[in-house]
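# Analysis of the macromolecular model
Each chain, letter by letter, is given below.
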Amino acid sequence: MSIFEDTLDHYAANNALSENNIYYKFIFVVITIIINLLSNSPIPPFVIFILCSTILIYKAKVSLRFYATFMSVPIGFAFITVIFMAFFFGTGPHIWDLGIFGWGITADGLNRGILIFFRVLGGVSALALLILTTPVNRVFSIMPKLHVPQILTDLAILIYRDIFLFLDVTSTMYNSQVTRLGYKDYKSWMNCLGSLAGMIFIRTLEQSDIAYKALASRGYNGSLNMVGVEDSVHNIKTTEWILLIVYVAIILYLIHITGSMNIIPV
């Protein structure tokens with residue numbers, strides 16, 4: 001199995017929504033993230049998370065296992081945030097006292113943490129709807145039309161390319177070490193890991209230098225040109241605009257009726 005068969009880039013290029021209008025997806029994601037941040041209750045962000053996850057898994061056919069792995073990192077950081085908010089950023093009496101240094105959980109802090117947790121879920125799932133259903137070359141190709149500085153676009157392209165170079169070098173060297181009975185005990189594990197880290201750094205620098213020379217030999221003048229996409233805002237169907245408007249109206253209404261509703265009574 002290739003190292004690239006279970007990566008973000010693989011799923012972005014191999015899903016049921018990869019050819020859909022990128023401008024429509026971009027508009028949907030930007031509006032969703034803004035609405036997600038406007039909510040003062042965790043309910044609308046949770047609804048956004050469920051909706052975006054459902055689209056990704058059942059409509060785009062993204063692997064549930066990969067999506068869960070993708071979401072595990074932001075969920076982990078968000079959970080840590082809940083703990084810190086509950087203990088250190090609330091006001092009012094403690095609903096649970098730790099018993100040392102006057103630390104304890106307050107209802108206000110816990111509600112703030114829960115709100116941030118669901119905002120993270122909603123925002124990341126919305127962003128995933130774009131990056132897990134759109135090949136990266138299509139994303140880079142519309143950056144000039146969005147007036148993103150050329151230097152930032154070029155840096156993003158080169159960094160993205162080097163990430164996969166890094167993964168390829170790491171996989172090759174790790175498999176080589178394993179076939180030579182590396183990582184069989186703690187001492188071997190530490191020696192192999194140190195050797196792997198040092199060689200990856202050297203090999204990645206070497207490959208980056210080769211890549212630059214390859215670009216220079218092909219007339220690289222400081223800017224990278226991407227093949228443009230045929231999508232346009234004008235190609236978005238009327239039914240898609242209607243669905244977007246209905247979706248926004250429902251979420252805004254949900255924000256209105258939930259207000260500043262808290263999960264934990266204050």
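Residues numbered from 1 in each chain as written. Predicted model: local features only at pLDDT ≥ 70, side-chain atom pairs only at ≥ 80, totals over all residues. Heavy atoms only, no water.

### Things to note about unusual backbone geometry
Heads up, the condition is: Only DSSP runs of H or I covering at least 4 residues are called helices, and only runs of E covering at least 2 are called strands; the numbering of each starts at the N terminus.
With phi around 65°, Lys61 is a residue other than glycine that occupies positive phi space. Relative to the elements of secondary structure, Lys61 occurs in the loop between α3 (43–59) and α4 (64–88).

### Some remarks on the confidence of the model for the protein chain
In plain terms, the rule: Note on scores: pLDDT gives the predictor's confidence for each residue, bounded by 0 and 100. What makes two residues a contact is simply this: any of their non-hydrogen atoms within 4.5 Å.
On average, the protein chain scores 82 in pLDDT, and the residues at 70 or more come to 88%. Here strand β1 (residues 94–97) stands out as the least confident element of the protein chain, with mean pLDDT 65; α3 is the most confident, with 93. Note that pLDDT drops below 50 for residues 1–5; the model gives that stretch seven contacts with residues more than four away or on any other chain.

### Brief notes about the packing of α3 against helix α5 (residues 107–131)
Worth spelling out the cut-off: Comment: axis = line fitted to C-alpha atoms, over the contacting stretch for helices; angle = value between 0 and 180 degrees taken between N-to-C directions. Small angles under 35 degrees read as roughly parallel and large ones over 145 as roughly antiparallel, with 65 to 115 read as roughly perpendicular and the rest as oblique. By definition, any crossing whose near helix is turned counterclockwise from its far helix by less than a right angle is left-handed, and any crossing with a clockwise turn is right-handed. Amino acids outside the nonpolar list (Ala, Val, Leu, Ile, Met, Phe, Trp, Tyr, Cys, Pro) and the charged list (Asp, Glu, Lys, Arg) are all regarded as polar, and Gly is one of them.
The N-to-C vectors of α3 and α5 enclose an angle of 30°; their axes lie 8 Å apart at closest approach. Overall, the two elements α3 and α5 adopt an arrangement that is roughly parallel. Like other packed secondary-structure pairs, α3 and α5 cross with a definite hand, here left-handed. For the pair formed by α3 and α5, the contact residues are Pro45, Phe46, Ile48, Phe49, Cys52, Ser53, Ile55 and Leu56 on the first element and Phe118, Arg119, Leu121, Gly122, Ser125, Ala126, Ala128 and Leu129 on the second. Its residues assigned to classes, the contact of α3 with α5 comprises twelve nonpolar, three polar and one charged.

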